[in-house]
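The lines below spell out each chain.
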Amino acid sequence: FQLRHHPLAIRRDAPRLGADTAEVLRRVAGLSADARRLDAAGRVSPADHEAVSRAIAQHFSGSGEFLYSLNRRRVDRSLDPNVDFLRNVKEGHCERYASALALVLRGLGIPCRVVRGFHGAEMSDDGVAFVRLNQAHSWVHALVPDGDGLAADLDGLANLSVCFLQLLRHGG
């Protein structure tokens, strides 16, 4: 068994979510006015990609506005499921959080992707790792400028990993 890393494929021309993205950015705590400032295309400055990524992930997992649930509920079927999640439902599992987080980050000009895999394993006495279906998870890789790679596990309700954001750094 061997894990391989695949290069991060990023579309720099990601579509905007418009008012929904700006509204999420407005409600997020802990950001300076400069970090909230959008350019003419509605994007945040690359210098603020990390702070904005962390703040939005923390908002989803720790603000109390969003809840963890295994139910896949919809309120307004005329909306895209992610927009319905952001505006109305505000509860879901890791796939819904990861999808919404990625779309909001992309809408702000932050390159990212959704990753699906497994979080954790159970080791047997003979060194065999058992990965169970209940350890399946989705999270977001966000590309931020400079430095070494950094993983930030932003825990949500009842120590369930609602939003898992991994920041991948690149030299400008």
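Residues numbered from 1 in each chain as written. Predicted model: local features only at pLDDT ≥ 70, side-chain atom pairs only at ≥ 80, totals over all residues. Heavy atoms only, no water.

So, about the pattern of salt bridges. Considering all chains together, one arrives at nine salt bridges under this definition. The partner of E23 in a salt bridge is R26, and the shortest N-O contact between them spans 2.6 Å. Note that E23 and R26 are positioned in helix α1 (residues 19-27) at a spacing of three residues, about one turn of the helix. A relative accessible area of 29% places E23 in the partly exposed class. Residue D84 pairs with R74 through a salt bridge whose shortest N-O separation is 3.0 Å. With D84 in helix α4 (residues 81-89) and R74 in the loop between β1 (67-68) and α4, this residue pair connects regions lying ten residues apart in the sequence. The class for D84 is buried, based on a relative accessible area of 0%. When salt bridges with common partners are traced through the structure, they connect E23, R26, R27, E65 and K90 into a single cluster. (Salt bridge = Lys/Arg side-chain N within 4 Å of Asp/Glu carboxyl O. Helix = DSSP H or I, 4+ residues; strand = E, 2+ residues; numbered from the N terminus. Buried < 20%, exposed > 50% of the residue type's maximum accessible area, 1.4 Å probe, protein only.)

This part covers a nonpolar patch on the surface. Taken together, the side chains of F118, V131 and L133 define a hydrophobic patch exposed on the protein surface, amounting to about 340 Å² of accessible area. With respect to the helices, strands and loops of the structure, F118 is situated in strand β3 (residues 112-118). (Patch = residues over 30% accessible without salt bridge, like charges linked within 9 Å, V, L, I, M, F, W, Y side chains within 5 Å. Areas by Shrake-Rupley, 256 points an atom, 1.4 Å probe, with all protein chains shown as cover.)

Viewed as axis vectors pointing N to C, α4 and helix α5 (residues 94-107) meet at an angle of 100°, and their least axial separation amounts to 9 Å. In terms of orientation, α4 and α5 fall into the roughly perpendicular class. In contact with N82, F85, L86 and V89 of α4, α5 contributes R96, Y97, S99, A100, L103 and V104. Across the contact of α4 with α5, the residue classes tally to seven nonpolar, two polar and one charged. (Axes fitted to C-alpha atoms, helices over the stretch in contact; angles between N-to-C directions. Parallel < 35°, antiparallel > 145°, perpendicular 65-115°, else oblique. Contact = heavy atoms within 4.5 Å. Nonpolar A, V, L, I, M, F, W, Y, C, P; charged D, E, K, R; others polar.)

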